[in-house]
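# A closer look at the structure
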Amino acid sequence: SSKKVRYVESDSTIINRKLTVEAFYVEPDMCGCIIRNHEQAASDSVVISDYSLERKAYFDTLTEVYNRLYLQENEVRLSAEQNFGVAFFDLNNLKSVNDTYGHSFGDMVTVTASHIANEIVETNGGILGRYGGEEFMMAFLNRNVEELLPIVEEIHEKIKAAELNHNGDVVKINVSIG
């Protein structure tokens, strides 16, 4: 933290106000702020609750699992633990599914795989996050490799066993986990 005073002026869609804020250093990991001006903002913005903002910030809108931002912001907390395990899974050939059946069906494949994995991950005390388009990361605290392998295998088998129907075509989900 810098001990300098900073002034920030911005339109806020959260509180529908144009703010001028003075922020200042108080002590490590703490700062203070004074709102110097709070004129009505020009746009007709909607007030958003803290819960709604957190959902938008930390959850993937398609799959409803944590997103990459949440995973990155919690990396420090996770890496401070002495015993944790991480596994990734990737939906194979999703581009081919999108090209053959359309992006809406590809989204359904992504959602189905994430929901199967998330149920197993949460049951075993972990978190699942969408790391990229078709890439997901699972993190488990206080788990060693021997404890993670059966969980990862269960996720792999259940996702591979899932069948989706597209106009009479049965489509299986192809996944890699490591």
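Look above for the structure.
The paragraphs below set out a description of the structure included in this document. Just so we're clear, the structure is a prediction, and the values are computed from it rather than from any experiment. (Residues numbered from 1 in each chain as written. Predicted model: local features only at pLDDT ≥ 70, side-chain atom pairs only at ≥ 80, totals over all residues. Heavy atoms only, no water.)

## What to know about the sheet that holds strand E4 (residues 66–67)
Taken together, the five strands give an open sheet; going across it, the order is E4-E6-E7-E5-E10, and neighbouring strands pair in mixed fashion. In this open sheet, the two strands that pair with only one neighbour each are E4 and strand E10 (175–177). Of the pairings in the sheet, the one linking strand E6 (residues 126–130) to strand E7 (residues 135–141) comprises five bridges and is antiparallel in character. Counted as the bridge partner of Gly 126 is Phe 140 from E7. In the packing of helix H6 (residues 145–161) onto the sheet, contacts are made with strand E5 (84–91), E7 and E10, and the angle to E10 comes to roughly 175 degrees. (Pairing = 2+ DSSP bridges. Helix = DSSP H or I, 4+ residues; strand = E, 2+ residues; numbered from the N terminus. Contact = heavy atoms within 4.5 Å. Axes fitted to C-alpha atoms, helices over the stretch in contact; angles between N-to-C directions.)

## Considering the packing of helix H4 (residues 94–101) against helix H5 (residues 103–123)
Their axes nearest at 7 Å, the elements H4 and H5 cross at an angle of 140 degrees. Classified by the angle between their axes, H4 and H5 sit oblique to one another. Between H4 and H5, the residues in contact are Leu 94, Val 97, Asn 98 and Tyr 101 and His 103, Phe 105, Gly 106, Val 109 and Thr 110, respectively. Of the residues assigned to the contact of H4 with H5, the class counts are five nonpolar, four polar and no charged. (Parallel < 35°, antiparallel > 145°, perpendicular 65-115°, else oblique. Nonpolar A, V, L, I, M, F, W, Y, C, P; charged D, E, K, R; others polar.)

## Description of H4
Among the residues making up H4, those that are buried are Leu 94, Val 97 and Asn 98. All buried residues of H4 lie within an arc of 100 degrees about the axis, which places them on one face of the element. Away from its buried face, by an angle of more than 90 degrees, H4 presents the exposed residues Lys 95, Asp 99 and Thr 100. The inward-facing, buried residues of H4 abut E5 and H5. (Buried < 20%, exposed > 50% of the residue type's maximum accessible area, 1.4 Å probe, protein only. Arc of directions from axis to C-beta.)

## Considerations on the pattern of salt bridges
Counted by the stated rule, this structure contains four salt bridges. Between Lys 95 and Asp 99 there is a salt bridge whose closest N-O contact spans 2.8 Å. Placement of both Lys 95 and Asp 99 in helix H4 is noted, with a separation of four residues, approximately one turn of the helix. Using a relative accessible area of 59% as the deciding quantity, one classes Lys 95 as exposed. Classification of Asp 99 as exposed rests on a relative accessible area of 54%. (Salt bridge = Lys/Arg side-chain N within 4 Å of Asp/Glu carboxyl O.)

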